[in-house]
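Single-letter residue listing:
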Amino acid sequence: MNSMGWGRHLVWNLLAWCLGVALQLQQADLWPLATYASVSVAVVACAGFLKCWRPSHTAVRTARLLAWGLVWAAAAFCTTGLHAWTRAHTIAPALEGQDLDVVGVVQAMPQRQDLGWRFRFRIEQAWALDAQGTAKPLQLGADLPPQVYLGWYGQDGMHDSGWSTSALPEPVKAGERWRLRVRLKAPHGHLNPRGFDYELWLWEQGIRAAGYVRTGRKDPPPLRLGSTWAHPIEGWRQAVRDRLLAHLSPAGADADAAKRAGIVAALVTGDQAAIDRSDWDVFRATGVSHLMSISGLHVTMFAWLASGVVAWGCRRSALWGFQGALRWPAPQVGAVSGLLLAGFYALFSGWGVPAQRTLLMLCVVLVLRLSARQWHGALVWLMACAVVLTWDPWALLQPGFWLSFVAVGVLMASGSSPRAEQATESVMLNPGFRTDVVRIGAWHRWGASQGPIWGSWVWQRVAALLREQAVVTLALAPLTLLFFGQVSVVGLVANLLAIPWVTLVVTPLALLGVLWSDAWQWASCALQPMAVVLAWLAAWPWASVSVAMPPWWLAMLALAGAWVGVMRWPGSWKWAVLPLFWPVVFWTHPRPAPGTFELLAADVGQGNAVLVRTATHSLLYDAGPRYSSESDAGHRVLVPLLAQMGERIDTLMLSHRDSDHTGGAAAVLAMQPQAALWSSLEDTHPLHALRTDWTRCQAGQVWEWDGVRFEVLHPQPSPESLSKMPKPNEVSCVLRIASQVPGTKGGLQGSALLAGDIEAAQELALVQSGLSPVDVLLVPHHGSKTSSTQAFLEALRPRWGLLQAGYRNRYGHPAPEVVARYQALSIALADSPRCGAATWRSSAPEQVQCERTLRQRYWHHRIPH
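Residues numbered from 1 in each chain as written. Predicted model: local features only at pLDDT ≥ 70, side-chain atom pairs only at ≥ 80, totals over all residues. Heavy atoms only, no water.

Digging into the overall build of the protein chain
- The secondary structure content of the protein chain amounts to 29 helices and 29 strands.
- Taken across its 865 residues, the protein chain has 52% of its residues classed as buried.
- When contacts within the protein chain are restricted to residue pairs at least 6 apart in sequence, long-range pairs at least 24 apart make up 71% of them. (Helix = DSSP H or I, 4+ residues; strand = E, 2+ residues; numbered from the N terminus. Buried < 20%, exposed > 50% of the residue type's maximum accessible area, 1.4 Å probe, protein only. Contact = heavy atoms within 4.5 Å.)

Thoughts on the packing of aromatic side chains
- Tallied over the entire structure, the rule returns 28 aromatic pairs.
- Each ring, one from Phe-597 and one from Trp-840, has its centre 5.5 Å from the other, and the planes form 55°; the classification is tilted. A residue pair is termed long-range when its members are at least 10 positions apart, and Phe-597 in the loop between helix H21 (582-585) and strand S13 (598-601) and Trp-840 in strand S28 (residues 838-841) qualify at 243 residues. Pair check on accessibility: Phe-597 and Trp-840 agree, each one buried.
- One aromatic cluster in this structure is built from Trp-203, Trp-394, Tyr-858 and Trp-859.
- Over the ring of Trp-117 we find Arg-112; its NZ or CZ atom is 5.8 Å from the centre of that ring.
- Looking at Arg-636, its charged tip hangs above the ring of Tyr-627, at a distance of 4.4 Å from the centre. (Phe/Tyr/Trp six-rings, centres within 6.5 Å; stacked < 30°, edge-to-face > 60°. Lys NZ or Arg CZ within 6 Å of the ring centre and 35° of its normal.)

A closer look at the state of the cysteines
- Under the criterion given, the structure shown has 2 disulfides.
- Shown here is the disulfide that connects Cys-835 with Cys-850, its sulfur atoms set 2.1 Å apart. Residues Cys-835 and Cys-850 share a disulfide whose torsion about the S-S bond is about -100°; that sign makes it left-handed. With Cys-835 in helix H28 (residues 832-835) and Cys-850 in strand S29 (residues 848-850), this pair connects stretches of sequence that are 15 residues apart. Just as Cys-835 is buried, Cys-850 falls in that class too.
- Disulfides within the protein chain link the bonded cysteines, taken in sequence order, as 1-2, 3-4. (Disulfide = S-S within 2.5 Å.)

Notes on helix H19 (residues 552-566)
- Here H19 contains 15 residues, and its C-alpha end-to-end distance of 21 Å stays within 8% of the 21 Å for a straight helix at 1.5 Å per residue.
- The complete set of buried residues in H19 reads Leu-554, Ala-555, Ala-558, Leu-559, Gly-561, Ala-562, Val-564 and Val-566. (Expected span 1.5 Å × (residues − 1).)

Here we look at the sheet that holds S13
- Ordered in space as S20-S19-S18-S15-S14-S13-S28-S29, the 8 strands form an open sheet in which the pairing is mixed. The open sheet has two edge strands with one neighbour each: strand S20 (695-696) and S29.
- Sheet topology note: the S13/S28 ladder contains 4 bridges and is antiparallel. Directly across from Leu-599, in S28, lies its bridge partner Trp-840.
- Packing against the sheet, helix H22 (residues 633-645) makes contact with S13, strand S14 (610-613) and strand S15 (618-621), and its axis sits at approximately 25° to S14. (Pairing = 2+ DSSP bridges. Axes fitted to C-alpha atoms, helices over the stretch in contact; angles between N-to-C directions.)

Description of a nonpolar patch on the surface
- Taken together, the side chains of Val-493, Leu-497, Val-533, Trp-536 and Trp-540 present a nonpolar region at the surface, about 490 Å² in accessible area.
- For the nonpolar patch, the elements supplying multiple residues, two or more each, are helix H17 (491-512) and helix H18 (518-538).
- Tracing the backbone through its elements, the reader meets Val-493 in helix H17.
- Since its relative accessible area comes to 44%, Val-493 is described here as partly exposed. (Patch = residues over 30% accessible without salt bridge, like charges linked within 9 Å, V, L, I, M, F, W, Y side chains within 5 Å. Areas by Shrake-Rupley, 256 points an atom, 1.4 Å probe, with all protein chains shown as cover. Salt bridge = Lys/Arg side-chain N within 4 Å of Asp/Glu carboxyl O.)

A look at the nonpolar core
- One finds Trp-394, Phe-401 and Tyr-858 to be the most contacted residues of the largest nonpolar core, which totals 40 residues.
- Breaking this core down by element, the ones donating at least two residues are helix H1 (3-24), helix H2 (33-52), helix H3 (58-85), helix H4 (198-205), helix H11 (353-370), helix H12 (377-391) and helix H13 (399-414).
- Element by element, the count of residues in this core is highest for H12, at 9 residues.
- Leaving out residues up to four positions away in the same chain, Trp-394 has contacts with Leu-25, His-83, Ala-84, Arg-87, Leu-200, Trp-203, Glu-204, Tyr-858 and Trp-859. (Core = buried A, V, L, I, M, F, W, Y, C linked by side-chain atoms within 4.5 Å.)

Side note on the sheet that holds strand S25 (residues 776-778)
- Across the sheet, 7 strands lie side by side as S21-S22-S23-S24-S25-S26-S27; this open sheet has mixed pairing. Looking along the sheet, the strands with just one partner apiece sit at the ends: strand S21 (702-705) and strand S27 (828-831). Across the sheet, the mean angle separating the axes of adjacent strands is 20° when strand polarity is ignored.

Some remarks on the packing of helix H10 (residues 330-348) against H11
- Axis separation between H10 and H11 bottoms out at 10 Å; the angle between their running directions is 170°. Taken together, the axis directions place H10 and H11 in an arrangement best described as roughly antiparallel. Residues Gln-332, Ala-335, Val-336, Leu-339, Ala-342, Gly-343 and Ala-346 of H10 form the contact with H11, whose own contacting residues are Ala-355, Leu-359, Leu-362, Cys-363, Leu-366 and Leu-370.
- Among the residues forming the contact of H10 with H11, the class breakdown is 11 nonpolar, 2 polar and no charged. (Parallel < 35°, antiparallel > 145°, perpendicular 65-115°, else oblique. Nonpolar A, V, L, I, M, F, W, Y, C, P; charged D, E, K, R; others polar.)

Describing the environment of Leu-50
- Mapped onto the fold, Leu-50 is located in helix H2.
- By relative accessible area, Leu-50 is classed as buried at 5%.
- The sequence separation of Leu-50 and Val-71 amounts to 21 residues, and the corresponding C-alpha distance is 9.4 Å.

Observations regarding the confidence of the model for the protein chain
- For the protein chain, per-residue confidence averages 86 on the pLDDT scale, and residues scoring 70 or more make up 90% of the total.
- Taken as a whole, residues 416-452 scores under 50 in pLDDT and shows 92 contacts with residues more than four places along the chain or in a different chain. (pLDDT = per-residue confidence, 0-100.)

Observations concerning the environment of Trp-520
- Inspection of the secondary structure puts Trp-520 in helix H18.
- Using a relative accessible area of 0% as the deciding quantity, one classes Trp-520 as buried.
- In the structure, Trp-520 is positioned 10 residues away from Ala-510 in sequence and 5.3 Å away in space, judged by C-alpha atoms.

A few points about the side chain of Arg-237
- With respect to the secondary-structure elements, Arg-237 resides in helix H5 (residues 232-248).
- Among the polar contacts made by the side chain of Arg-237, one reaches the main-chain carbonyl oxygen of Thr-269 at a distance of 2.7 Å.
- A distance of 3.3 Å separates a polar atom in the side chain of Arg-237 from the backbone oxygen of Ser-349.
- If sequence neighbours within four positions are ignored, Arg-237 has contacts with Met-109, Thr-269, Gly-270, Asp-271, Phe-348, Ser-349 and Gly-350. (Polar contact = N/O pair within 3.5 Å; in protein donor to acceptor, adjacent residues only side chain to side chain.)

Focus: unusual backbone geometry
- Of note, the amide linkage connecting His-714 to Pro-715 takes the cis form, showing an omega dihedral of 5°.
- For Pro-715, the location among the structural elements is in the loop between strand S22 (708-714) and strand S23 (734-739).
- A cis geometry characterises the amide bond from His-813 onward to Pro-814, with omega recorded as -5°.
- Looking at the element boundaries, Pro-814 is found in the loop between strand S26 (800-803) and helix H27 (816-824).
- Positive phi, close to 45°, is recorded for Arg-797, a residue that is not glycine.
- Along the chain, Arg-797 turns up in the loop between helix H26 (790-796) and S26.
- The class of Arg-797 is partly exposed, set by a relative accessible area of 46%.

Shown next, in the form of structure tokens:
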């Protein structure tokens, strides 16, 4: 077989390998370990047969090629399945929520939270406590996973009124050994349509249990047993971060200085949690988020600089009498040294998954270059992709993987000069969101070697930079819409300014600060003018365009159109593909037909948030809980959910003032300035300052949207001022929603009751006032034993009960006796821990769609029945 034919076969087999990985990621459940092993043996046997089979007929050779593809795909499928089995074990269900005594080592630099610390902890010994307090040893790997994710918070914790201001607990350091009393649970996160998959993130990190440190009066105090040398780089990293923050943001420093200190800390140590949320909003709006924390871009830049310095030193060493420079080519010595130093930098930055992928790509490119063969760029690109997916198969589900590889592929395909070919080879080293700084380095080396007139060279480089940045921006626009639902219009300008400034000025100064602390002050000062420019760009009316997230197949069509648009092909072809962009830009989430409505009970944990949609209107009933003083369901769940659906809500109705119903309201109101506010909150509640024309919900209020009737059933109008509120649950807004379109079997097409946190007394009053049956009921008070009385359920007789509660919440919701009451009346329950986000439509009242069922994968936690 000639080299061209061999290359084609290798491309085909690598494509098949990637396809096999993708197919395994669609498995809802892992096969038994023996099944993967058996299929692997069969794959090896088939490969041996195909290796010996040498057909001469063309059609048979084609069949052999297809067979090789199937073998490679099956091999990738089994390899990924076996890889998944290495991290499939989680905590035994019987140990969840139990007090455990553990001894172990802090694995990584702790992350500062508002009231404590979050850190990875490797358990060395563990004991379970029985009712008498007797300790029973646990077997790691069988009863308990060795690696867990712990939180250590202030003793006061969280109350219904919000988070307390208790002091931070004792700081922990990477490499320290501690004895702790903890409570653990299986990794379980919120699962909403197109939302962040927290369980996948934990799976990819190898974390199979999470929990918190117990510091109650009856618990033994946490005990530091000593320091170890288990994680010296993480300990050094933490010391650098703490020294940096103390240097740039001492006590009494202004807020702007503290924000810049957080950005510098992220650039030096990879601590993205140090960046303020408002800064992240600006970075996302201007499309420069990829620059503000250590990513593949920074690791690659470090490797490029290190390799250049080492290669220069190697060349100069010959003049100093070092004979090794005459035996080993300086470019190869520089490349290997750059890879090793980049590995150290990746370790220092926290050894995150993107950094690991970067090193793998660097290794692939370096090995191929050292092989002394000419490799086609597409083959290098595909081999790097296959190696990355072999190491980390779940990277295929991450936006960063797609953005980086598509950007590289587009640049390779659209280049048509020696300069572009050389730039492409360097671009392959970067798995971050952008690739510009590596191209700048490649252009610099090419220009230096050719030596054209300075002015002409500068204009050529500027034109090339503008063109290739525009190519990347256009090509990635469909994927950006697919993953994030927005495109930064000012991103091209912002990146042209920010990329050279951050990568060539701010980041080197920040890294220099590790050796000379005053350099951190210079880095902070360098950030200030850039922050002003980015804030100015973000304030433009059309700085970023947000649209509903399109389906993946529409995004792929637009990506194909973008690919044609950036290629050096006839202009008529580019005009012909313009219609491919139209469905993506103007796609809207399907809405209910007139006369029908839809409920989406979001998975927000211990709280309520239900989106009601009609043909042209939307209402959000409650806004979920407040998770901490810096985090709430609005920012983490509802704002992204509404954005990806392209939803503009007409009304936000807050049933009552408890924080598990109003926690995300401020974020939602800020994102939806047109939304009217209805509530039963007291007149002086801070949320009313956001909407001075708010409406108090009272029984008797009725309106109709698109043939759907909305009626408030509770609370009753009160003549006295509500400056002093009764018990919050007593005044919960109860909303009945009913279609006015006749159903196919008589009666109306569907109805629902959203009951807030009403209790037995309010339920009795509603029954006495004359309740009509409904198809679906939002279970009152999250299934508390104070609600869902027998008379109330018998009066409503719903088909379904939507129960929004947190997994293993501290209130014990839902109460077992309440669940039994629903079951006795044959009312099906869709609870958010088992269902995730639940969707119900009045046009199909007998069905509830559970997000966990639609997106079920083997890494998702299953609650035993």
